Amino acid sequence: MMAKKVLIVDDELYAREALEDELLGLGGVTIIGQCNNAIDALKAINHTRPDVVFLDIQMPRVTGLELLAMLDPETMPKVVFVTAYDEFAVQAFEDNAFDYLLKPIETARLKKSLDKLSRELNRQEDYQAITPALELLPCAGH
């Protein structure tokens, strides 16, 4: 399987760089960008189509949860929330979050999230490979 394309979204530069270092250290990912706010992230998601977005919740103006609500559920990437606050977890999962990591991120926990992500993305690829494209819709006669 190809490396997962990752976008990191956090308003704190240090947090973005620390997460990028951790992800690159674990391997299997390509960092395709970093954004420091949700508006830039929305543009980047629509333009680069990442497999996964590591998304901070507490950001100025538009929060990570608000950004998640703006994404099309059919085409949205897997979203892993990265936050210092655990009180948003229930809402995050109700809004289709894939995973929820607490800052400071533990390497073992991040690895577990990436492993889970790999299994999920492989399952999607397998499903697409065995599902033939439907060219004509069968219709019942009149």
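Let me begin by describing the structure that accompanies this report. (Residues numbered from 1 in each chain as written. Predicted model: local features only at pLDDT ≥ 70, side-chain atom pairs only at ≥ 80, totals over all residues. Heavy atoms only, no water.)

## Some points on the sheet that holds strand β2 (residues 29-35)
(1) Moving on: The five strands are arranged β2-β1-β3-β4-β5 in an open sheet whose pairing can be described as parallel. Looking at which strands have only one partner, the edges of the open sheet turn out to be β2 and β5 (99-102). Direction aside, neighbouring strands of the sheet carry axes that sit 20 degrees apart on average.
(2) Moving on: Sheet strands in contact with helix α2 (residues 38-48) are β1 (4-9), β2 and β3 (52-56), and its direction is about 170 degrees off that of β1. (Pairing = 2+ DSSP bridges. Helix = DSSP H or I, 4+ residues; strand = E, 2+ residues; numbered from the N terminus. Axes fitted to C-alpha atoms, helices over the stretch in contact; angles between N-to-C directions. Contact = heavy atoms within 4.5 Å.)

## Points about the environment of Ile 32
(1) Moving on: Mapped onto the elements, Ile 32 comes out in strand β2.
(2) Moving on: Exposure remark for Ile 32: the relative accessible area of 30% places this residue in the partly exposed category.
(3) Moving on: A sequence separation of 28 residues divides Ile 32 from Lys 4, and the C-alpha atoms of the two residues are 9.5 Å apart.
(4) Moving on: Residues contacting Ile 32, with those up to four places away along its chain left out, are Lys 5, Val 6, Leu 7, Thr 48 and Pro 50. (Buried < 20%, exposed > 50% of the residue type's maximum accessible area, 1.4 Å probe, protein only.)

## Description of the environment of Gly 33
(1) Moving on: With respect to the element layout, Gly 33 can be found in strand β2.
(2) Moving on: With twelve residues separating them in the primary sequence, Gly 33 and Ile 45 have C-alpha atoms 9.6 Å apart.
(3) Moving on: In this structure, Gly 33 is in contact with Val 6, Leu 7 and Ile 8, ignoring residues within four places of it in sequence.

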